[in-house]
Amino acid sequence: MERKTVFVEVIVPLALPNKFTYRVPTAYNLEVGIGKRVLVQFGKTRIYTAIITALSEQAPTAYEAKYIEAVLDEQPVVNTQQLAFWEWIAFYYCATIGDVMNAALPSGLKLSSTSHVQLNPEFNFEESEANTFTSREQLLIDELHQRSHLSIADVGHLLNIKTVQPLLNTLLKKNAISIFEEVKEKFKPKLETFYQLHPSHETEGMLQETLTQLEKKAFKQAEALLYFLHLQKTDTQQLQWIKRQDILLKTDGVALNALVKKNILTEAKFDSGRLQFEKSNTASQKMLSEAQQQSVAAIETFFETKTTVLLHGVTGSGKTEVYIEWIKRTLAQQKQVLFLVPEIALTTQLITRLRAVFGEVVGIYHSRFSENERVEIWNAVLKAEHATYKVIIGARSSLFLPFHQLGLIIIDEEHDASFKQHDPAPRYHARDAALYLANMHQAKVLMGSATPSLETYANALQQKYGYVRLETTFTKLGGTALEICDLKQYEHAQQMKSSLTPPLFYAIENALEKKEQVILFQNRRGFAPYTQCSKCTHVPHCVQCDVPLIYHKQTQKLTCHYCGYSINPLKQCPACGSPDLRFKGLGTEKIEEDIEVLFPKAKIARMDLDSTRSKHAYKQLIDDFTSKTIDILIGTQMVTKGLDFDNVTVVGVLNVDSLLNYPDFRSFERAFQLITQVRGRAGRKDKPGKVLVQTSQPQNVILEVIQKDKWEPFYKAQLEERKKFDYPPYSRLIEINVIDKSVEEVNAMAHELALKLKAGFQNRLLGPEFPLVAKVRNQYYKRIVIKTQKTDSPQKIREFIQHQIIDLYSENKLFKGRVMINVDPM
């Protein structure tokens, strides 16, 4: 039989635009396949994991093909539809295919010579069988027990072998190790303790007999058991497992531990983020209201002729119940559902609600998961008709999962700017990419928002999308009144109570007296946005970025939010020497401190980036607020997005002026969306709510629009303005940044590139100009914006831009900077 020489075309996880061809050793001819991972040498010594995209018998003509080192998979880990999706992302967003691979694949699937290895803390080595590992594998495991981690090179030296990746791949499949691109702390899941009845006490007779005995001999244990039964009975999600901290609200730990020792209760620890809830039988879904039923029917009608439908539902109208109905219909067709949310925080409440309805078929995927967990979810989705998860809830990265029968994509809060990836490349917009992904799978897209983006609303007006309006709130007694509080008026009359106007102060006081909850919103974290000398007005700036240093009281540091540079608070002004330095402005830490003084008996918590860095911090805060452990929640934009709390009756916006005055063509749209969304956090159930907005511009048109609910004329006026000045949705924007350490070099190169681009785009080119923050991490940025017409060829536009950038580099050999392209910037 004649031997064939096989070549494979592969993607390597580097920021390179080309794919590369490698030769396959004859022994691997039958093992290679599209979508499988192979190990390749790239450069002189580096080994990378690459993905096969094509097979051929044709050798490359431009260079001599190297041999692949090994084939890592028996079955493909990436399907052909994913590869096509990666190609489109790379093309449309002007990224390299290597960048897309890096964004799409979990690090646990990308073994490279720059990776590090550590033990998987979830693997129980003590209970593993004697023959689980080979002698080499055991040698590595023993070494990792002594050392926290090893680089790939260290593993090679230890085992005295050249190519270690196949061995590591075997250990990964056995779930014994973790792989990280850079050294990270070991993943330590935050486990919570849960209880349920011991099987011996599930009958009512046995339970009654035990209670009678406990009441005679151990009254506190009887109380604890009764309270446990009460919680289990009132648990609307029918989860059976009751959390320890919930039981301890009315009983003590000693009694609870005694019930476990007596085999009355069973104790178990779960990583609450991955807890597999039992499927609910009795409370699987609320009955749809008449308005919701009409929305479901209208969506069904539109789906007969259109791929995409916009569900424009007011806050509190019950959009999630409509989503659940469509998930049911999609699962009945044996298809998968992707439920996209803009923030990881939103997955916390959604996972609980959807698992209560659909059980263990609901999975969750986002960047806060450890690499092991992300690989676990990836493999569970990959299993075709045997996939463990039929519904995936996730942030934007979940678009890249290996779906095979995708039937529906739900995009909740579709207007949210968090759907746009900023750094690193690819700088894709998850909402827009989801539309392309749905088209590839012939799936439907259901977008939902109380404040749709102008682009989406315009598409609905032009009948590209179906449009369904849900105007009725789900509960009859709720609702929210909006009150504007004039900061200048109260400051002039010296009536301010710290950072609160009197109306907001008394509204909070009244809510607390009624045992109701409060949310306070300020879109700036830290204690004080800047420090200023009272004598010469000097403001300390970051040495690497063009921004003031923000004071964080918790860490006692002045910190830059762009690069992380920090210093101790200054004792005297570096400009004039005065010791009179004052903190200015209002951050969430300062508000928290003020509120603690004004309401000393209230339980207060803060939700911002600083307080939610750990994996389970979101969930813990949301659980505590839901269980009424927290009275007042202070936060940044995180508190405005889609969260559902029954007992919130007062929402305060501490200062809305920065939103209203931001110099961007989208500033009015964003201010409208943010205030409307934060308004929707109050009065969601049976108690009327109140939103108080503090501003020094009480006559601003946006506030009048929201107060009088004039959203429709506002949207139409904004669209007219966009049309007049040729901004999206009537054009598409491409932003090009020239970046370098030298401001002179940036000026020269940006000017030269603008002249080259002007030849193709004429008066549709804006700039070059420095952005608001012109220097970040010692790199200067200068920006060029191109407005392209929707009728223009995307292929020709991108080819022209790329050619001009290539010419710029070829004509300026000494230019060491870079050019960054951002398509559809937000």
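This structure is a prediction, so every number in the text was calculated from the model and none was measured.

Colleague: Explain the overall build of the protein here, please?
Modeller: Within the protein, the secondary structure is distributed over 25 helices and 34 strands. For 826 residues, the compact-globule estimate of 2.2 N^0.38 gives 28 Å, and the C-alpha radius of gyration of the protein, at 29 Å, lies within 12% of that figure. C-alpha atoms of the protein, sized along the principal axes, occupy 85 × 70 × 65 Å. Taken over 826 residues, the protein has a buried fraction of 54%. Across the protein, contacts joining residues at least 24 apart in sequence account for 75% of those joining residues at least 6 apart. For the protein, the exposed area adds up to about 38,000 Å²; of that, 49% sits on carbon and sulfur atoms.

Colleague: I'm lost on the sheet that holds strand β14 (residues 362-365) in this one. Help?
Modeller: Adjacent strands of a sheet pair through backbone hydrogen bonds, lying either parallel or antiparallel. An order of β14-β15-β13-β16-β17-β12-β18 is seen for the seven strands of this open sheet, with the pairing classed as parallel. Each having just a single partner strand, β14 and β18 (466-470) make up the two edges of the open sheet. Taking the axes of each pair of neighbouring strands and ignoring which way they run, one obtains an average angle of 20° across the sheet. Note: strand β13 (residues 336-340) against strand β16 (residues 406-412), five bridges, orientation parallel. Bridge pairing in β16 places Q336 opposite L406.

Colleague: Just checking my understanding: could you explain the packing of helix α3 (residues 135-146) against helix α5 (residues 165-173) for this structure?
Modeller: Geometrically, a packed helix pair is captured by the angle between its two axes and the distance between the axes. Running from N to C, α3 and α5 point in directions that differ by 75°, and their axes come no closer than 11 Å. Here α5 runs roughly perpendicular to α3, going by the angle between their axes. Contact residues: α3 offers R136, E137, L140 and I141, while α5 offers L167, L168, T170 and L171. The residue inventory of the contact of α3 with α5, partitioned by class, reads five nonpolar, one polar and two charged.

Colleague: How should I be thinking about the side chain of D608 in this particular structure?
Modeller: Turning to its location among the elements, D608 is positioned in the loop between β26 (604-607) and α19 (617-626). Reaching out from D608, the side chain makes a polar contact with the side chain of T588 at a distance of 2.7 Å. At 3.0 Å, the side chain of D608 forms a polar contact with the side chain of R606. In this structure D608 touches R525, T588, T636 and M638, once residues within four positions along its chain are discounted.

Colleague: Quick question: what am I supposed to make of the pairing of strand β17 (residues 444-449) here?
Modeller: Regular strands place side chains that alternate from one sheet face to the opposite one. Burial of β17 is extensive: five of the six residues sit out of reach of the surface. One ladder, built from five bridges, connects strand β12 (residues 308-313) with β17; its direction is parallel. When the bridges of β17 are listed, V309 appears paired with L446. The pairing of β16 with β17 spans five bridges and is parallel. Within β17, the residue paired with I410 across the bridge is L446. Read as a crossover between parallel neighbours, the route from β16 over helix α14 (residues 430-441) to β17 is right-handed.

Colleague: Whenever I open this one, the environment of S418 confuses me. Can you help?
Modeller: By the secondary structure assignment, S418 is in the loop between β16 and α14. Separated by 75 residues in sequence, S418 and E343 have C-alpha atoms that sit 7.0 Å apart. Separated by 3.3 Å, the side chains of S418 and E343 make a polar contact.

Colleague: Quick question: what am I supposed to make of the sheet that holds strand β1 (residues 6-11) here?
Modeller: Read across the sheet, five strands follow the order β2-β1-β4-β3-β5 without closing on themselves; strand pairing throughout is antiparallel. Looking along the sheet, the strands with just one partner apiece sit at the ends: β2 (20-24) and β5 (70-71).

Colleague: Before we go on, may I ask you to explain helix α21 (residues 667-679) in this structure?
Modeller: Each full turn of the α-helix corresponds to 3.6 residues, which orients residues three or four apart in the same direction. Given a rise of 1.5 Å per residue, 13 residues ought to cover 18 Å, and the 18 Å separating the end C-alpha atoms of α21 matches this to within 8%. The buried count for α21 comes to eleven of 13 residues, which makes it a mostly enclosed element. For α21, every residue scored as buried is listed here: S667, E669, A671, F672, Q673, L674, I675, T676, Q677, V678 and R679.

Colleague: Would you mind going over the confidence of the model for the protein with me for this structure?
Modeller: Detailed reading of predicted coordinates is not advised where the pLDDT is low. Summarising the model, the protein shows a mean pLDDT of 87, and 92% of its residues fall at 70 or more. Note that residues 183-189 has pLDDT below 50 and, in this model, 16 contacts with residues that lie over four places away or in other chains. Taken as a whole, residues 273-283 scores under 50 in pLDDT and shows 32 contacts with residues more than four places along the chain or in a different chain.

Colleague: For this particular structure, what's the right way to read the environment of K790?
Modeller: In this fold, K790 is placed in the loop between β33 (779-788) and α25 (794-811). Residues K790 and Y730, 60 residues apart in the sequence, show an inter-C-alpha distance of 7.3 Å. Those residues in contact with K790 that sit more than four places away from it in its chain are P729 and R732. A polar contact of 2.9 Å, which involves the side chain of K790, links it to the backbone oxygen of P729.

Colleague: In this structure, what is going on with the pattern of salt bridges? I would like to understand it.
Modeller: Two side chains of opposite charge can pair, provided their charged atoms sit close to one another. Using the criterion set out here, one finds 29 salt bridges in the structure. The salt bridge involving E811 is made with K756; its shortest N-O contact spans 2.9 Å. With E811 in helix α25 and K756 in helix α24 (residues 743-761), this residue pair connects regions lying 55 residues apart in the sequence. Classification of K756 by relative accessible area gives buried; the value is 16%. Put simply, E143, R147 and D154 are held in one network by salt bridges that share partners.

Colleague: What am I meant to see in the packing of α21 against helix α23 (residues 711-725) here?
Modeller: Running from N to C, α21 and α23 point in directions that differ by 160°, and their axes come no closer than 11 Å. With respect to α23, the axis of α21 lies roughly antiparallel. The element α21 and its partner α23 pack so that their crossing is left-handed. Contacts between α21 and α23 involve F668, E669 and F672 on the former and, on the latter, W711, F714, Y715, Q718 and R722. Of the residues assigned to the contact of α21 with α23, the class counts are five nonpolar, one polar and two charged.

Colleague: Teacher, can you tell me more about the nonpolar core here?
Modeller: Among soluble globular proteins, nonpolar side chains are generally buried collectively. Grouped together as the largest cluster of nonpolar side chains are 69 residues, with contacts concentrated most on W86, L399, I409, I736 and I801. Looking at which element gives the most residues to this core, the answer is helix α1 (residues 80-92), with seven residues. Residues L633, L674, V705 and W711 belong to the second largest nonpolar core, which totals 41 residues.

Conventions and cut-offs
Residues numbered from 1 in each chain as written. Predicted model: local features only at pLDDT ≥ 70, side-chain atom pairs only at ≥ 80, totals over all residues. Heavy atoms only, no water. Helix = DSSP H or I, 4+ residues; strand = E, 2+ residues; numbered from the N terminus. Rg over C-alpha atoms; globule rule 2.2 N^0.38 Å. Buried < 20%, exposed > 50% of the residue type's maximum accessible area, 1.4 Å probe, protein only. Contact = heavy atoms within 4.5 Å. Areas by Shrake-Rupley, 256 points an atom, 1.4 Å probe, with all protein chains shown as cover. Pairing = 2+ DSSP bridges. Axes fitted to C-alpha atoms, helices over the stretch in contact; angles between N-to-C directions. Parallel < 35°, antiparallel > 145°, perpendicular 65-115°, else oblique. Nonpolar A, V, L, I, M, F, W, Y, C, P; charged D, E, K, R; others polar. Polar contact = N/O pair within 3.5 Å; in protein donor to acceptor, adjacent residues only side chain to side chain. Right-handed = clockwise from strand over helix to strand, strands pointing away. Expected span 1.5 Å × (residues − 1). pLDDT = per-residue confidence, 0-100. Salt bridge = Lys/Arg side-chain N within 4 Å of Asp/Glu carboxyl O. Left-handed = near helix turned anticlockwise from the far one by under 90°. Core = buried A, V, L, I, M, F, W, Y, C linked by side-chain atoms within 4.5 Å.

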